[in-house]
Amino acid sequence: MRSRPALLTIWTVVIIVVLYVPILAMMVMSFNDSRFGTLPFEFTLKWYAELTPTNPLIQATYTSIQLSILVAGTCVVVGTLLSLWLARPGTPWLRNAVNSSLLATVTIPILILSVAILGIANRLGLGQSVTSLWLGCTVVSLPYVVFVVSARIASLDPALLNASRSLGFGPFQTFLRVTLPLIRSAVLAGALMAFVTCFNNFAVQLFLAPLGVQTLPVNIYAQTRVGISPDINAVSTLTILVLIILVVVLQILSGNAAKVVSGTGPSGTGKETR
Amino acid sequence: MNPLARVGRLILAMPGIGLLALFSIVPLVLLVVDAVNAPTGLGFDQFARVVENPQYLERLAFTLGMAFVVTVVSIAISWPVAWTIGRHVGERNRPVLLALVIIPFLTSQLLLIYAMMVLLGAKGPLMAPLESLGLAAEGASILYTPWATLVMFVYESISVIVIVLYTAAERIDPRLLAASRTLGAGQVRTFFTVIVPASATQLIAAVGITFVATAGAFAESAVLGGPEGTLFGNIIADRISGGGDDGVTAALAVVLLVASLAVVVVLALLITRVSRPLRPLTDLDTASAPDSARSGRPGRSGQPGRSGRPGPASVRRSRSIPTAAEVLT
């Protein structure tokens, strides 16, 4: 049993390597001279030199970063408060309804959810605007924050909170001095998760962004309809590198980002709280 | 507990609850309302317009077929990986491998689609070497065909499926596998009578996530699929981009959602049916149950049935593997 079957091992290694092939290919091609993404390979840095502040790709990247920070900030505050309420007993029907909504939000195809959100935005008179973009992206990223933070709150030792209470702290003091320090890394992981999911949230941005506001994925999407442009390689290479670093940090912070993202739902973070 | 604190917590949670209600649940309900609420009055007029359009139907069938193939192929590719990580990798390396699997998934979806476009391009990093080896025609590529979309979907699905099935693989009691082997089941039989039933929940989850996500996708086909590869999602997306946010678009979205959920339910029922062996005793096995239950344990020290040529006796016994499983769990 313990011995590792050679065939399975080889298969696993091959598949994991294959997962990185497109990314690596794009990174290599970002240093290639050809305008049409063709070989033979000739080294150049000119595509990186094109990434000046006036390049639409760079402006779109700024837009994406701004949007993601705004959304991550909103998600962390709203999501942490929601998780704190979810962790306590009482009003089970509302709690179940909220949990179901969170699951529905991550399960329903993002295209259909975007169509639905655009519908409500039009009804509310928001239409395609920065406000609907902000709220739409927030609601889509919110479940991930709640999953990460809830998992950590569930693993807290209730004795700590009771001790804080019996030592005279009110609920607010208890939150600030006991709960928050204990869930800090999960909250941080939630913020990162919201940032990453918002940055990647292409469909919502495509349908809700007002005219003239283009995020990076939307800009690239528009350009790909025309063909490959090598400065996209350069900007994508840099962006993916940053995203990979963020995801690694996220993985370290949350311990189980993988499970949360895959939709298998919240589960213990596997780390002791003390 | 302090009721005031409870109310306070609820009030603080209200922004989250309100946001979910107003921007997720209410919109989805309104989508259904829009779909049945035609300008001509309540009814299924708008659905009729969808269903009576042969082009829509043809694309729907194509989309569901694509999603099905993607689901099957991705699971076939990912399951051995999940199994290996869950059962043949030490505790220490496991998180590292899982992180390696999930990282590509978390980097921007659209950047990955673009990366695939670069990879698959004619005379690009993949095709140029193949050409020089004589394995591909000059300037050939699957880019801008439905095959490229298929490859992209499978590529995207692997990460999630591995993570989901890994939890199943990790949980299977090794004694079940040992029992299955001892009772004379070959690898194929063990797979269908022990591994599939024990993984049914996660398998259904993997099928559901992959199928629904694929059926509802549009960016992959828009960038990679070419004119032949238009998916149902593209029809919806194009209508919205063209300003057609109307009842018919809502009806299209509802049709897509209902159709993909229906397929997932059918697949889930199928998996449940195949998984029946591990369920509680059926009348089929009642007669032989006590016998095989006893033979389960001593059998382990007996001759291993791994050689794959089970005698008649062990064939009869292997029918009651579920019974042995019951005893062990």
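Nothing here was measured: the structure is a model prediction, and the numbers come from that model.

Chemist: Describe in detail the overall build of chain B, supporting the description with residues and values.
Modeler: The number of helices and strands found in chain B is 17 helices and two strands. The burial tally for chain B puts 52% of its 329 residues in the buried class. If you take every contact in chain B between residues at least 6 apart in sequence, the share linking residues at least 24 apart comes to 74%. Summed over its atoms, the accessible surface of chain B is roughly 14700 Å², and 66% of this surface lies on carbon and sulfur atoms.

Chemist: Describe the overall build of chain A, naming the residues involved and giving the relevant values.
Modeler: Within chain A, the regular secondary structure consists of twelve helices and zero strands. When the helices and strands of chain A are listed from N to C terminus, the series reads α-α-α-α-α-α-α-α-α-α-α-α. Considering chain A as a whole, with its 274 residues, one finds that 55% of them fall into the buried category. In chain A, 69% of the contacts between residues at least 6 apart in sequence involve partners at least 24 apart. Approximately 11800 Å² of chain A is accessible, and the part contributed by carbon and sulfur atoms is 70%.

Chemist: Explain the interface of chain B and chain A to me, using residue names and the numbers behind them.
Modeler: Taken together, the contact pairs 84 residues of chain B with 88 residues of chain A. Summed over both partners, the interface of chain B with chain A comes to about 7800 Å²; 79% of that surface belongs to carbon and sulfur atoms. Looking at the side of chain B facing chain A, the largest losses of area belong to B:F23, B:L106 and B:Y114, adding up to 10% of the total buried there. Here chain B and chain A share one salt bridge between them. One salt bridge in this structure joins A:R123 and B:D34, with 2.6 Å as the shortest N-O distance. Connecting chain B to chain A are nine residue pairs in polar contact (both at pLDDT 80 or more). Per-element accounting of the side of chain B that touches chain A gives the leading share, 21 residues, to helix α1 (residues 3–36) of chain B.

Chemist: I'd like a rundown of the nonpolar core, residues and numbers included.
Modeler: Within the largest apolar cluster, 176 residues are counted, with the highest numbers of intra-cluster contacts made by A:L82, B:L224, B:F232 and B:I236. Looking at which element gives the most residues to this core, the answer is helix α7 (residues 146–171) of chain B, with 15 residues. Residues in contact with B:L224, not counting those within four places in the same chain, are B:I113, B:M116, B:M117, B:L143, B:Y144, B:T145, B:A148, B:T149 and B:M152.

Chemist: Account for the packing of aromatic side chains, with residues named and values stated.
Modeler: Applying the stated criterion across every chain, the model contains eight aromatic pairs over all chains. With a centroid separation of 5.1 Å and an interplanar angle of 85 degrees, the aromatic rings of B:F191 and B:F192 are classed as edge-to-face. The exposure class assigned to B:F192 is partly exposed, which follows from its relative accessible area of 43%. The ring of A:W85 has A:R95 sitting right over it, with the charged end atom 4.7 Å from the ring centre.

Chemist: Break down the packing of helix α5 (residues 109–120) of chain B against α7(B) for me, with residues and values.
Modeler: All names here are of chain B. Direction vectors running N to C along α5 and α7 enclose 130 degrees, while the axes themselves pass 11 Å from each other. Relative to α7, α5 is oriented oblique. When you trace α5 past α7, the crossing you get is right-handed. Taken together, the residues of α7 that come into contact with α5 (itself represented by Q109, L112, I113, M116 and L120) are A148, V151, M152, Y155 and E156. Here the residues of the contact of α5 with α7 sort into eight nonpolar, one polar and one charged.

Chemist: Quick one: what's the story with the confidence of the model for chain B, residue by residue and with numbers?
Modeler: Residues and elements named next belong to chain B. Here chain B shows a mean pLDDT of 79. Residues at 70 or above account for 82%. Looking across chain B, the model is least confident in helix α17 (residues 321–328), with a mean pLDDT of 38, and most confident in helix α3 (residues 54–87), with 92. Note that pLDDT drops below 50 for residues 280–329; the model gives that stretch 46 contacts with residues more than four away or on any other chain.

Chemist: Kindly report on the side chain of A:T74, identifying the contributing residues and their values.
Modeler: All names here are of chain A. For T74, the location among the structural elements is in helix α3 (residues 56–86). The class for T74 is buried, based on a relative accessible area of 18%. When sequence neighbours within four positions are dropped, the list of residues in contact with T74 reads G79, W134 and T138.

Chemist: How would you explain unusual backbone geometry if you had to name every residue and give the values?
Modeler: Peptide bonds are, in most cases, trans, and in most cases residues other than glycine have a negative phi. Phi at B:Y144 takes a positive value of approximately 65 degrees, unusual for a residue other than glycine. Relative to the elements of secondary structure, B:Y144 occurs in the loop between α6 (127–132) and α7.

Chemist: Residues and numbers for the side chain of A:T80, please.
Modeler: As for its position among the elements, A:T80 is in helix α3. Looking at A:T80, the relative accessible area reads 7%, which means it is buried.

Chemist: Tell me what's going on with the pattern of salt bridges, and back it up with residues and numbers.
Modeler: Residues and elements named next belong to chain B. As enumerated under the stated definition, the model contains four salt bridges over all chains in all. Ionic pairing is found between R59 and E58, a salt bridge with its closest N-O pair at 3.1 Å. Residue classification places E58 among the partly exposed residues on the basis of a relative accessible area of 42%.

Chemist: Go over the packing of helix α10 (residues 200–215) of chain B against helix α13 (residues 247–274) of chain B, please, and point to the residues and values.
Modeler: Residue and element names in this part refer to chain B. In the contact formed by α10 and α13, the axes pass within 9 Å of each other and the chain directions differ by 160 degrees. Compared by their axis directions, α10 and α13 come out roughly antiparallel. Handedness of the α10/α13 crossing: right-handed. In this structure, α10 contributes A200, L203, I204, V207, G208, F211, V212 and A215 to the contact, and α13 contributes L256, S260, L261, V263, V264, L267, A268, I271 and T272. Taken together, the residues of the contact of α10 with α13 break down into 14 nonpolar, three polar and no charged.

About the thresholds
Residues numbered from 1 in each chain as written. Chains lettered and ligands numbered in written order. Predicted model: local features only at pLDDT ≥ 70, side-chain atom pairs only at ≥ 80, totals over all residues. Heavy atoms only, no water. Helix = DSSP H or I, 4+ residues; strand = E, 2+ residues; numbered from the N terminus. Buried < 20%, exposed > 50% of the residue type's maximum accessible area, 1.4 Å probe, protein only. Contact = heavy atoms within 4.5 Å. Areas by Shrake-Rupley, 256 points an atom, 1.4 Å probe, with all protein chains shown as cover. Buried area = accessible area lost by both parts, 1.4 Å probe. Salt bridge = Lys/Arg side-chain N within 4 Å of Asp/Glu carboxyl O. Polar contact = N/O pair within 3.5 Å; in protein donor to acceptor, adjacent residues only side chain to side chain. Core = buried A, V, L, I, M, F, W, Y, C linked by side-chain atoms within 4.5 Å. Phe/Tyr/Trp six-rings, centres within 6.5 Å; stacked < 30°, edge-to-face > 60°. Lys NZ or Arg CZ within 6 Å of the ring centre and 35° of its normal. Axes fitted to C-alpha atoms, helices over the stretch in contact; angles between N-to-C directions. Parallel < 35°, antiparallel > 145°, perpendicular 65-115°, else oblique. Left-handed = near helix turned anticlockwise from the far one by under 90°. Nonpolar A, V, L, I, M, F, W, Y, C, P; charged D, E, K, R; others polar. pLDDT = per-residue confidence, 0-100.

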